[in-house]
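# A look at the structure
Read off the chains here:
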Amino acid sequence: MPANVAQKLIESHLVSGELSPGSEIGLRIDHTLTQDATGTLVMLELEAMGIDRVRTELSVQYVDHNLLQTDHRNADDHRFLRSACRRYGIWYSKPGNGVSHPVHMQRFGRPGRTMVGSDSHTPAAGSLGMLAIGVGGLEVAMAMAGEPLYLTMPRIWGVELVGELPPWVSAKDVILEMLRRHDVKGGVGRIIEYHGPGLAGLSAMDRHVIANMGAELGATTTVFPADEEVRRFLESEDRGEDCEPLLADEGATYDVNERIDLSTLEPLIATPSSPGNVVPVREAAGTEVGQVVVGSSANPGLRDFAVVAEIVRGHQSHDRVSFDVNPTSRQTLENLGAMDLLMPLIHAGARLHQSGCMGCIGMGQAPASDTPSLRTFPRNFPGRSGTTDDLVYLCSPETAAAAALTGEITDPRDLEERLGIGPPEYLPPMRPIVNTAMLVPPLAPDAAAKEELVKGPNIVSLPEFDPLPDDLEAPALLKVGDNISTDEIMPAGQRVLPYRSNIPAMADFVFWPVDDTYVDRARESSDTTGHLIVGGDNYGQGSSREHAAIAPRYLGLRAVVAKSFARIHWQNLANFGILALEFDDPADYDRITQGDTLVLRGLRSALESSDHRVHMDNATTEQRSTLRHRLSPRQIELIRAGGLIPVFRARFAGEPAALEP
Ligand code: SF4
């Protein structure tokens, strides 16, 4: 049978299961990627499981999120991560080296490899023909320990690209077009595979833009073939020897099919406050803008900064606009300097920041309240910017540069008429600068074994969680609506992220943007029965942060009952022993009021029943709901034991895990 790229990647790494959509498969993992906001927890998990050294082909720890050092906490975390890299045999990318995804692509990405990352934009590596999946930190820790990744076999969604992008339209507009068509849940349960003649006009970094924001569609991952364009990219990074072609077979088919004629696309923009609220830029044109930010892993390439520099060359940013530029890597910054592209940016009033995520994760750059901010970022969930009443738009570098100059949302195609600026031309440098200086290789095993973890006062070992009780009678402490993101469950930003290695302290901020009374009420319930949360559709979308599971668990959360769950968060809940249950009849959601007492009896046998159904009684209204779970037998074992850590700590110690409270 002719195979597509995704099938080839899965088949070559399959350790259990079969390639039929919906069944559980186990995959051997070659690379892992961790970033600092989630990586400290991963290292604490390796410690809690008693791991001696990672068993992957390559594991890299990046420090790109928490770069602001307003007190000792972030600096302590950086030092802790460096010590953990030395202890466990992991590459260390120093603070300021750059955002994990583009740096991984430039330095380590290899066609045909698998990767898991504790960051939801890990699929960006699909641009090189890798199968790269964003998962919770605990699953990354398991992959580091040599365990397979288990997931439900997705459907493969072939998107044929034909034609060529018109002037002023770029890769960001391709993925915004996908979001315009399918919204933030359109890719759930799917791997997106791009193919067709239109690929020839998309560089490897353009493909990174598209693969990165496949996460916003809810897709398991995105893959591209490793073709001549990938070879060109790896050769430009002095890594031509790492290029192994990976192409779909002639006649390969897909479970779902779609077509985009690139020549018909126009500049698009995602309006506040969802990446799925996409409209043509011309429909939002004229809206006054207070901030424009260029950067992030959603537009990380040298090209993305170069076109902005060319557009603003010789002009001034509008006096209303804060024009911020976050070079995604030190290598990008060096090349911009060498290509004489920094001066046009500086002259135009750009505020140049260090290489890293910066405002994309709320590390500074919070916009003024109720003021439109245009960003080349991937996400605009409410409050993610650090401003509660923010108005964040997502767009291409061309659209961002146009707004920086005019002070209002502007279709970049109008720049010629308004300011005499023609479409920017980008010619990649013949020999770009390759910078590997801030990547520290792992120590040899003998030296690593002598290393100690260096923990500052804000780094606290993980709390222990007890097994799931057989009967649960607890209040529905919180009821939320559809599309609740992990940014709303466990906010990030400058105020919260410094506590990422300190679950008891970080738990003070759980659901803070949604209901600031939740934490106090949860702490009360955790002393007695624990509690449940009732959610709508797509509960837990967005970032992969497992803090959004572990911190509520610390506060006594035992089960979430929702209409549906986002993939990564659903897995994170299971990993930390929280039961994720879906309404059989979504109308039952409306029959529960916050504060009702919900009763689940005989859970252990119910979970193992063949129809995957569990009954829940509402003791307040005396109504019964039927719920479904999607747990595999392996995950049921996790839930019963209180999560992955107790199971694997016991396994590595050669003991059985306790399954009873
Ligand atoms: S999406 Fe933003 S926060 Fe996440 S890795 Fe990319 S730049 Fe960093």
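Scoring rules and cut-offs
Along each chain, the written sequence defines residue order, and numbers are assigned to residues from 1. Residue-level local features of this predicted model are given only where pLDDT is at least 70; pairs of side-chain atoms are given and counted only at 80 or more, and the full residue set underlies all totals for whole chains, interfaces and linings. As a rule here, side-chain values come from all non-hydrogen atoms in the structure, and water together with hydrogens is ignored. Here a cavity means grid points, on a 1 Å grid over the protein atoms only, where a 1.4 Å probe fits yet cannot get out; a pocket means an open set of points with protein on both sides within 12 Å along at least five of seven lines; lining residues are those with an atom within 4 Å of a point. Grid points are joined across faces, edges and corners, and a volume is the space filled by probe spheres set on the points. Under the scheme used here, helices are H or I runs from DSSP no shorter than 4 residues and strands are E runs no shorter than 2 residues, and both carry numbers assigned from the N terminus. Amino acids outside the nonpolar list (Ala, Val, Leu, Ile, Met, Phe, Trp, Tyr, Cys, Pro) and the charged list (Asp, Glu, Lys, Arg) are all regarded as polar, and Gly is one of them. Residues enter patches when their relative accessible area tops 30% and they take part in no salt bridge; the joining distance is 9 Å for like charges and 5 Å for the nonpolar side chains Val, Leu, Ile, Met, Phe, Trp and Tyr. Residue burial considers only the protein chains on display, and all accessible areas are found by Shrake-Rupley using a 1.4 Å probe. The rule for a salt bridge is simple: a side-chain nitrogen of Lys or Arg has to be within 4 Å of a carboxyl oxygen of Asp or Glu. Relative accessibility under 20% of the residue-type maximum defines a buried residue, over 50% an exposed one, and the middle range a partly exposed one, all with a 1.4 Å probe and only protein chains included.

## As for empty space enclosed by the protein
- This model, assessed by the stated rule, comprises eight cavities of 30 Å³ or more.
- Volume-wise, the largest cavity comes out at about 270 Å³.
- Around the largest cavity, the lining comprises 29 residues; the ones closest to its centre are Gln35, His65, Asp119, Ile361 and Arg384.
- Listing elements by their share of the lining of the largest cavity, those giving two or more residues are α2 (36–49) and α4 (100–107).
- For the lining of the largest cavity, the residue count by class is 11 nonpolar, 12 polar and six charged.
- Approximately 230 Å³ is the volume found for the second largest cavity.
- In terms of lining, the second largest cavity is formed by 19 residues, of which the most central are Ala215, Gly218, Gln541, Gly542 and Ala566.
- Considered class by class, the residues forming the lining of the second largest cavity number eight nonpolar, eight polar and three charged.

## Brief notes about a nonpolar patch on the surface
- A contiguous nonpolar surface patch, about 270 Å² in accessible area, is contributed by Met343, Ile346 and Leu352.
- Tracing the backbone shows Ile346 in helix α12 (residues 342–347).
- By relative accessible area, Ile346 is classed as partly exposed at 43%.

## Concerning helix α21 (residues 567–575)
- Burial analysis of α21 places eight of its nine residues in the buried class, which makes it a mostly covered element.
- For α21, the complete set of buried residues consists of Ile568, His569, Trp570, Gln571, Asn572, Leu573, Ala574 and Asn575.
- One or two steps after α21, the chain reaches Gly577, where phi turns positive at roughly 80°.

## A closer look at the layout of surface pockets
- Taken as a whole, the largest pocket holds about 1,100 Å³ of empty space.
- The wall of the largest pocket is formed by 40 residues, among which Ser203, Asp206, Arg303, Tyr426 and Pro428 lie closest to the centre.
- Contributing elements (two or more residues each) for the lining of the largest pocket: α7 (204–212), α8 (228–236), α10 (302–312) and α11 (330–338).
- Taken as a whole, the second largest pocket encloses approximately 580 Å³ of empty space.
- Of the residues belonging to the lining of the second largest pocket, the class tally is 13 nonpolar, 13 polar and eight charged.

So yeah, pure geometry; function would need other evidence.
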